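# Structural features, examined
One letter stands for each residue in the lines below.
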Amino acid sequence: MVRLKIKDILQNGKTGEKTLVKAWVRTKRGSKNVNFIALNDGSTIHNLQIVADTEKFDEHLLREINTGAALAVEGLLTESQGSGQNVELAAEKIELLGKADPEKYPIQPKKHTLEFLRENAHLRFRTNTFGAVFRMRHAMAFAIHNYFNQKGFYYLHTPIITASDAEGAGQMFRVSTFDPLNPPLTEEGKPDYSKDFFGRPTNLTVSGQLEGELGALALGEIYTFGPTFRAENSNTTRHLAEFWMIEPEMAFYDLKDNMDLAEEFLKYLIRYALDNCRDDLQFLGNRLSQEEKNKPKEQRSMDLVEKLEFVLNSEFVRITYTEAIDILKNSKPYKKKKFQFPVDWGVDLQSEHERYLVEKHFKCPVILTDYPKAIKAFYMKQNDDDKTVRAMDVLFPQIGEIIGGSQREESLEKLEKRMDEMNIPAEEMWWYLDTRRYGSVVHSGFGLGFERFVQFVTGMGNIRDVIAFPRTPKSAEF
RNA sequence: UCCCUAGUAGCUCAGUUGGUUAGAGCGGCGGACUGUUAAUCCGUAGGUCGUAGGUUCAAGUCCUACCUGGGGAGCCA
């Protein structure tokens, strides 16, 4: 007999049909004559109710059907007499596949805090919340590939181990096969990396962008989607030491094309979520408003589905950094000295400033462009004013910068000059500079932090709750 | 890394200005109940009060250090 997924049973199951399910017990209730077992197999947020007449089954077996246990149940699908569900399974055969000791199993049918579940990350998939989050995470990953594939982008696998730290995007994790207590030494007494595995110092990648550009300048449009590593000692709800990033890179795209793509891309993903993840979104939305129901009304966030629809239907505001500074300088919080950090042309915007622009002033996603060159990376296209570069940051409500990108500098001369100014060793980057040497063209790209996007779309407040096994400072369990 | 905050039963928390045998709800277990919806009712077990020092006649409560969690900031995606 073929096992059916609970999602299919609830959607297409016909009453009167013999049905087999294999799943885990969420709750069991019952009286003398009948037991009700709520089963979940991960295919949907919804449970299938099993009805077991106590006289049909061994008392010992029924006693071992506890929360967390795995069952195979065969029976007739019937119309439900109760009000919580349309159909239920009248059990004829129950096999206990794996028991779960109720004295020890940590996930009990009660409200658990996210912090507790994080410490039980190996079992938290079995909760409604994390089931919904990880189904949605999958859907978003799938939609990303879908989007780029249908636009003719190629999925490029850039290296995870890299010898260049040219991007300077923070601290890197060293990759080495040396015995830390006893590395081969040079005559000066330093570790002799020429004897290490790669014959040179190597690290885990902080970005696939530079390699991505190499691909784009031949294949046309590429994207990367892979793990990224930062050894920063960041302890926030939006940082991980290991996270996933999407980095499209496109030949012949200028900054406007880049912005258009970023906006269309984000909207595609949001629409995909609304079209394909309704039940999970509904559940996560309800969870959120439950959590916030004690907050004063003005502090509550918008309903999750409403928020997604709002972003989908709004046009992202596009302004320059310089215009943003003007707006901030004329803002109420600035005049009342409410901002903690200074606002002046040339300084990087702080999250309080970004949040003001997005949440208070424009009340919709904002794309900021043309930042001062001093606060941006060496590879960004320099404007004719000699002060700014063709950078773009997409700012979202609540999470701030979700996308950072730019048009890339295609002039070899300008790029070399800029690298020299910023003390970036051009010799080591000969392969990158070769793209500007041979057939250089206008091109652009951006990076999207996958977990931050999943946070946005699920409404989860802490980034550690949208990745299965979070890696953060002092934390690499599981 | 900095600032704030917390660590008491499996979980969520209470524990008065330091003062006898450390409490509740949920969960667990036992029982009752003719279809329940995280069911309900009755009963019951369960705690070296994060770790190490210190102050005191007396520390869950005060002090110091460390560990871990959470919130905010910085760095950034």
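Keep in mind that this is a model prediction, so the values were computed, not measured.

Rules behind the numbers
Residues numbered from 1 in each chain as written. Chains lettered and ligands numbered in written order. Predicted model: local features only at pLDDT ≥ 70, side-chain atom pairs only at ≥ 80, totals over all residues. Heavy atoms only, no water. Helix = DSSP H or I, 4+ residues; strand = E, 2+ residues; numbered from the N terminus. Buried < 20%, exposed > 50% of the residue type's maximum accessible area, 1.4 Å probe, protein only. Contact = heavy atoms within 4.5 Å. Lys, Arg positive; Asp, Glu negative; His and termini not counted. Charge placed at Lys NZ, Arg CZ, Asp CG, Glu CD. Salt bridge = Lys/Arg side-chain N within 4 Å of Asp/Glu carboxyl O. Domains from an automatic or database assignment. Buried area = accessible area lost by both parts, 1.4 Å probe. Polar contact = N/O pair within 3.5 Å; in protein donor to acceptor, adjacent residues only side chain to side chain. Nonpolar A, V, L, I, M, F, W, Y, C, P; charged D, E, K, R; others polar. Pairing = 2+ DSSP bridges. Axes fitted to C-alpha atoms, helices over the stretch in contact; angles between N-to-C directions.

### Re the overall build of chain A
Each helix and strand in chain A was counted, giving 14 helices and 16 strands. Seen through its principal axes, chain A has C-alpha atoms that stretch 85 × 60 × 45 Å. Out of the 478 residues belonging to chain A, those deemed buried represent 50%. Contacts in chain A between residues far apart in sequence, at least 24 positions, make up 67% of those at least 6 positions apart. When the 64 basic and 71 acidic side-chain charges of chain A are each reduced to a single mean position, those positions are 6 Å apart.

### Observations concerning the pattern of salt bridges
A side chain of one charge can pair with a side chain of the opposite charge if their charged atoms are brought near each other. Taken as a whole, this structure holds 32 salt bridges when the rule is applied. Close ionic contact of Lys104 with Asp101 constitutes a salt bridge, the shortest N to O distance being 3.9 Å. A residue is classified by how much of its surface remains accessible, and Asp101, at 36% relative accessible area, is partly exposed. As a salt-bridge pair, Arg318 and Glu263 come within 3.1 Å of each other at their nearest N and O atoms. Here Arg318 is found in strand S12 (residues 317-320), whereas its partner Glu263 is found in helix H6 (residues 255-276), with 55 residues between them in sequence. The exposure class assigned to Arg318 is partly exposed, which follows from its relative accessible area of 32%. For Glu263, a relative accessible area of 9% puts it in the buried group. Put simply, Lys256, Asp260, Glu263, Lys267 and Arg318 are held in one network by salt bridges that share partners.

### Concerning the domain arrangement of chain A
The domain architecture assigned to chain A consists of domain 1 (6-107) and domain 2 (126-171 + 206-465). Using only C-alpha atoms to locate each centre, domain 1 and domain 2 end up separated by 44 Å. If you look at the interface, domain 1 gives ten residues, while domain 2 gives eight residues. Carbon and sulfur atoms make up 46% of the area that domain 1 and domain 2 hide from each other, which totals about 750 Å². The interface formed by domain 1 and domain 2 contains six residue pairs in polar contact (both at pLDDT 80 or more). In the side of domain 1 that touches domain 2, the residues fall into four nonpolar, five polar and one charged.

### A closer look at the sheet that holds strand S15 (residues 400-407)
Spatially, eight strands are ordered S6-S10-S11-S16-S15-S14-S13-S12 in an open sheet, and the strand pairing comes out mixed. Single-partner strands in this sheet number two, and they are strand S6 (154-155) and S12. Judged from the nine bridges that link them, strand S10 (residues 221-229) and strand S11 (residues 242-251) form a sheet pairing that is antiparallel. Counted as the bridge partner of Ile222 is Glu249 from S11. Packed on one face of the sheet, H6 meets S11, S12, strand S13 (366-372), strand S14 (388-396), S15 and strand S16 (443-449) and runs near 30° to S16.

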